[in-house]
Amino acid sequence: NNPALAASSLVNGNFETGDLSGWSVDTTSSGGKADVVTSYAHTVYCEDLSCLPPPTTSPQEGSYFALLTSGYQQSQATRISQPFEASNGDKVSGWAFFKTDDNVYMNACTGANADKAQVVIKSDSGTTIATPFEQSVSSVGYATEVTRGYSGWVYWEHTFTGLTGTGKFQIEARVQNNTGAPGTDASLIGLDDVKTSAGGPDTTPPEAYITSGFGHVS
């Protein structure tokens, strides 16, 4: 019943260094950008142009959070990622939000091709094994009002099961533009307080071997 040890901790998962230290950044393929910010001022849509000052999103914890903006190419995501290790029962968790400036998506019936943001967990070989956070234009609605096109902070988590020993994984946050002409609208994902935690007690019994002794069993 010794407590299971957390396999590894994520580096700078709360972004309190004020930058993306510890994370790999991929913005080149999409033309997007990845920043660490203290707040985000939302776009406000008012028909008569008499809007109040835009509302802002503050960090879920601490003073900073990561903010990824979609790029100009459709279906090419802006990403940040980081490898880590996990054992059976370990958990990875965090907070994320999705914000879109789009006011239309390609298929109003099915939501197909809607701009989207995801947090995904991948195996060491690159296979996606979980998507604990996913929001899109079709899930949050059009960006036509102050309260539309924005998910708010959403807590997400994934618990590892069925592992034998310690496995190597990668966490990736991404946002992509799938709607309309490339570069006409932006979608964003905010990410904060990303961390790993240990699982429950290790209930696997130890293997026992007899290395010396006398007598025999008949």
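Here the structure is a predicted model, which is why all the values come from computation and not from measurement.

Each value, and the rule that gives it
Residues numbered from 1 in each chain as written. Predicted model: local features only at pLDDT ≥ 70, side-chain atom pairs only at ≥ 80, totals over all residues. Heavy atoms only, no water. Pairing = 2+ DSSP bridges. Helix = DSSP H or I, 4+ residues; strand = E, 2+ residues; numbered from the N terminus. Phe/Tyr/Trp six-rings, centres within 6.5 Å; stacked < 30°, edge-to-face > 60°. Buried < 20%, exposed > 50% of the residue type's maximum accessible area, 1.4 Å probe, protein only. Axes fitted to C-alpha atoms, helices over the stretch in contact; angles between N-to-C directions.

**Notes on the pairing of strand 9 (residues 128-136)**
Of the pairings in the sheet, the one linking strand 8 (residues 116-123) to strand 9 comprises six bridges and is antiparallel in character. Residue Q118 lies in a different strand from strand 9, and its bridge partner there is E134. Connecting the antiparallel pair strand 8 and strand 9 is a turn made up of four residues, with G126 showing a positive phi of about 100 degrees.

**Brief notes about the packing of aromatic side chains**
Centre-to-centre distance and the angle between the planes together describe a pair of aromatic rings. Per the counting criterion, the structure on display carries nine aromatic pairs. Plain terms: the ring middles of F65 and F97 are 5.8 Å apart, the flat faces sit at 70 degrees to each other, and that makes the pair edge-to-face. Within this pair, whereas F65 is found in strand 5 (residues 65-69), its partner F97 is found in strand 7 (residues 91-100), the two being separated by 32 residues in sequence. F65 gets classed as buried once you look at its relative accessible area, which sits at 0%. Ring pairing ties together the aromatic residues F65, F97, Y150 and W153, which thus form one cluster.

**Structural notes on the sheet that holds strand 8**
Here five strands make up an open sheet; going across it, the order is 1-6-11-8-9 and the pairing antiparallel. Here the strands that pair on one side only, and so sit at the sheet edges, are strand 1 (24-26) and strand 9. Ignoring strand direction, the axes of neighbouring strands in this sheet form an average angle of 15 degrees. Of the pairings in the sheet, the one linking strand 8 to strand 11 (residues 167-176) comprises eight bridges and is antiparallel in character. Bridged to V120 within strand 11 is E172.

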